Number of protein chains: 2
Amino acid sequence: MKSVRIGIIGFGKVIRAFLELLPDKRDWIKTRYQQDLQIVAICDSTEYMHNPDGFDPGELLAYKLEKIASDKRGRPLDQSEVGYVVNSFLEMGVNVAVEALPPTRETGEPAQSYLLAFLNAKVPVVTVNKSPLVYGYQTLYMAARKQHVAFKFSGTTGAALPTTDTVATALAGAELYGFEAILNGTTNFLLTEMIKNQSDLATELEIAQELKICEPDPSLDINGWDTAFKTLILAKAFIDPYVELPDVQVQGIQSLTYADIEPVIQAGNTLKLLGKAGFENDRLRLRVKPSIITPEHPFFHVDGTTKAITLFTDTMGRLTMIGGSSGLKETAATILKDLVNTHRDFSRI
Amino acid sequence: MKSVRIGIIGFGKVIRAFLELLPDKRDWIKTRYQQDLQIVAICDSTEYMHNPDGFDPGELLAYKLEKIASDKRGRPLDQSEVGYVVNSFLEMGVNVAVEALPPTRETGEPAQSYLLAFLNAKVPVVTVNKSPLVYGYQTLYMAARKQHVAFKFSGTTGAALPTTDTVATALAGAELYGFEAILNGTTNFLLTEMIKNQSDLATELEIAQELKICEPDPSLDINGWDTAFKTLILAKAFIDPYVELPDVQVQGIQSLTYADIEPVIQAGNTLKLLGKAGFENDRLRLRVKPSIITPEHPFFHVDGTTKAITLFTDTMGRLTMIGGSSGLKETAATILKDLVNTHRDFSRI
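Quantities reported herein were computed from a predicted structural model and do not represent experimental measurements. Per chain, the residues get numbers from 1 upward, laid out in the order the sequence is written. Labels follow written order: the first chain is A, the first ligand is 1, and so on. Reporting in this predicted model follows two pLDDT cut-offs: at least 70 for local features of residues, and 80 or more for side-chain atom pairs to be given and counted; totals over whole chains, interfaces and linings ignore these cut-offs and use all residues. Calculated side-chain values reflect all of the structure's heavy atoms, with hydrogen atoms and water omitted.

Asker: I'd love a proper account of the packing of aromatic side chains, names of residues and values included.
Answerer: Residues and elements named next belong to chain A. In summary, the pairing rule links any two rings of Phe, Tyr or Trp, Trp by its six-membered ring, whose centres are within 6.5 Å, and it sorts them by plane angle into stacked for under 30 degrees, edge-to-face for over 60 and tilted for everything else. In the structure shown here, the tally under the stated rule is 18 aromatic pairs over all chains. Residues Y137 and F151 carry aromatic rings whose centres are separated by 5.9 Å and whose planes lie at 35° to one another, so their mutual orientation is tilted. Separated by 14 residues along the polypeptide, Y137 in helix α5 (residues 131-147) and F151 in strand β6 (residues 151-152) bring together distant segments of the chain. F151 carries the same exposure label as Y137, and that label is buried. A network of ring pairs unites the aromatic residues Y48, Y84, F89 and F118 as a single cluster. Here a helix means four or more residues in a row that DSSP labels H or I, a strand means two or more in a row labelled E, and each is numbered from the N terminus. Categorising residues by exposure relies on relative accessible area from a 1.4 Å probe, with only protein chains included: less than 20% of the type maximum marks a residue as buried, more than 50% marks it as exposed, and the intermediate range marks it as partly exposed.

Printed below as a string of structure tokens:
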């Protein structure tokens, strides 16, 4: 039995969903993968906590939720604590760190500093945070390679839609030369509803916010930037690590009206916000834009918060994957997957 | 640089395609995966050959093809040579054996004996042959677990459609509780053409045989048994190893006429031969049968030799994958993938 000693940075909704999922899965994971998953340390804006014997996930969740309810919030974690947190985690024998800090705009910090410090200390990392990948992928990737440790981020580019694992393992030996994808569940839901109800974005946005399908501020979703971040991460990880955010042409759905969509629908087609990566004249180009989808296209019925990707390869042809709702449970399941895979001998599967 | 020393058993079309693919990929695989792939031994019905420094794949292919052209065929390999072949491979330092013997009906032999002997000698195996899995999966699986070596068979259940890798790694930590799939390219091609041309099976079969899309004897395809074998292998590997061939209910397309299909098409639906696995009253049931597919179903436009699968999981929702033609190149690419993954440290990906 391999002891997987987990240290967590951050305590947002995804980590709460992970703490709810873990008790249901622990025994099965012991049997199936011979791994004992224990949370031995956690650090967020309010406090650092550890338990060398492993926290009970349910008790930890209840304690933390009570703390939030009583509004005992601290200041956000910053880079000044990195050394302390990493050393404390190492003292607890942490052998994988899960980073789930809130995303930050126009910088990957403080997440990037935490991830880098763990990798440099030879601790594998799992992140569900896009920011450090968008702004610091190359640095983190090089550190992971140099230290020979895992750097996993399945949950950042489509949650339960297995984008990164598929390219890395199911398409091993094949070269990826491009992809096109629906990577943002919120936008896809809004477009689906606009088309279904022949209504405008503002109307559907209001309903989606009431249903809590949208964040209170959905601007990064509807202006296409969330799709751009995910497209960039996939392109960096699997095609060209040197492609950067300014290389992505981004057009969102923020100014689309139903009048714009109507002719597309009347021609028998539909409209989806796609992230695309592909070569033009030997140069990798990334584009996010609302795209016409014909009835024969595998994305034609990819509606609601469902996501999809088509991968173009040299020797394995094209592969389309459809699935993965935007739920917290599914994102929590990707943390579980990355943890299990980090401590697994793939050659024996 | 890891030295991957390959021993091959069999010299059919898939191995020929693999020998064509390898020279194009060797240098890239050295760079990307730090693995040097060398074929150091090969054994088929005509002879046993080895080269401790590695064969040139092109020269090996030319030599073997000339031998076939001059009709110097031997007797088929049988179980009596297993000990000799395994010992000879071990002397050459083979650290992964590729088995691609012709499929055998109603028995997994001699492939099963070869695979078992390699596993027991702690040599990882890659097979593209369904027979030993249909009849001996449990024995081989137990040997692989006991000896802690890889037992890989990506190419047996959909070729380039990554069925086994996806469940094993991309859905790690999630439980698979069923699937439905189009797993036979020939049948899917025939059904697509019957519908397109409003014609009967016999007509389309003749054309497909001329186009070499069909085997000279396509009976295992059209009567549903090829789909049944693949459905069984997936169910054994990922749901219940004790399910056996007599547990699969099989109905093929052999007696379908266009008159049978017409009402389905006129109702706006289409017809596909599906392999399905799912629980009914706590019992795993496997079924192969022509099934009505509605326009919203992700398989509606999966035409020609393309394959598809939908996987039903507990924590990751449902995932549909579409892709993977029946080509020899794609099957050869799955051998390459399994070889690379066998000698890879997944925790560092």
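Asker: How would you explain the relation of the copies chain B and chain A if you had to name every residue and give the values?
Answerer: For this overlay, a least-squares fit was computed on C-alpha atoms, restricted to residues scoring pLDDT of at least 70 in both copies. Superposing chain B onto chain A takes a rotation of 180° combined with a translation of 0.0 Å along the rotation axis, leaving an RMSD of 0.0 Å. Here the two chains are linked by the operation of a two-fold rotation axis. Any two residues whose heavy atoms approach within 4.5 Å at even a single point are treated as in contact. Both copies contact each other with a shared surface, as 100% of the interface residues of chain B are interface residues in chain A too.

Asker: Could you give an account of the domain arrangement of chain A, naming the residues involved and the relevant values?
Answerer: All names here are of chain A. Domain start and stop positions are those given by an automatic or database domain assignment. According to the domain assignment, chain A consists of domain 1 (2-158 + 329-348) and domain 2 (176-325). On the domain 2 side, the residues contacting the 12 residues of domain 1 number 18 residues. Note on definitions: buried area is the accessible-area loss of two parts on being combined, 1.4 Å probe, summed for both. Taken over both partners, the interface formed by domain 1 and domain 2 buries close to 1400 Å², and the fraction arising from carbon and sulfur atoms is 64%. The rule for a salt bridge is simple: a side-chain nitrogen of Lys or Arg has to be within 4 Å of a carboxyl oxygen of Asp or Glu. Where domain 1 touches domain 2, the interface holds 2 salt bridges.

Asker: Any details on the interface of chain B and chain A? Residues and values, ideally.
Answerer: Taken together, the 50 residues of chain B in the interface contact 50 residues of chain A. There are 2 salt bridges connecting chain B and chain A. Of the charged contacts, one joins A:D314 and B:K25 as a salt bridge, the two residues approaching to 2.6 Å between their closest N and O atoms. What qualifies as a polar contact is a pair of N or O atoms within 3.5 Å, subject to a donor-acceptor requirement within protein and to the restriction that residues adjacent in sequence count only when both atoms come from side chains. Joining chain B to chain A, the criterion identifies 18 residue pairs in polar contact (both at pLDDT 80 or more).

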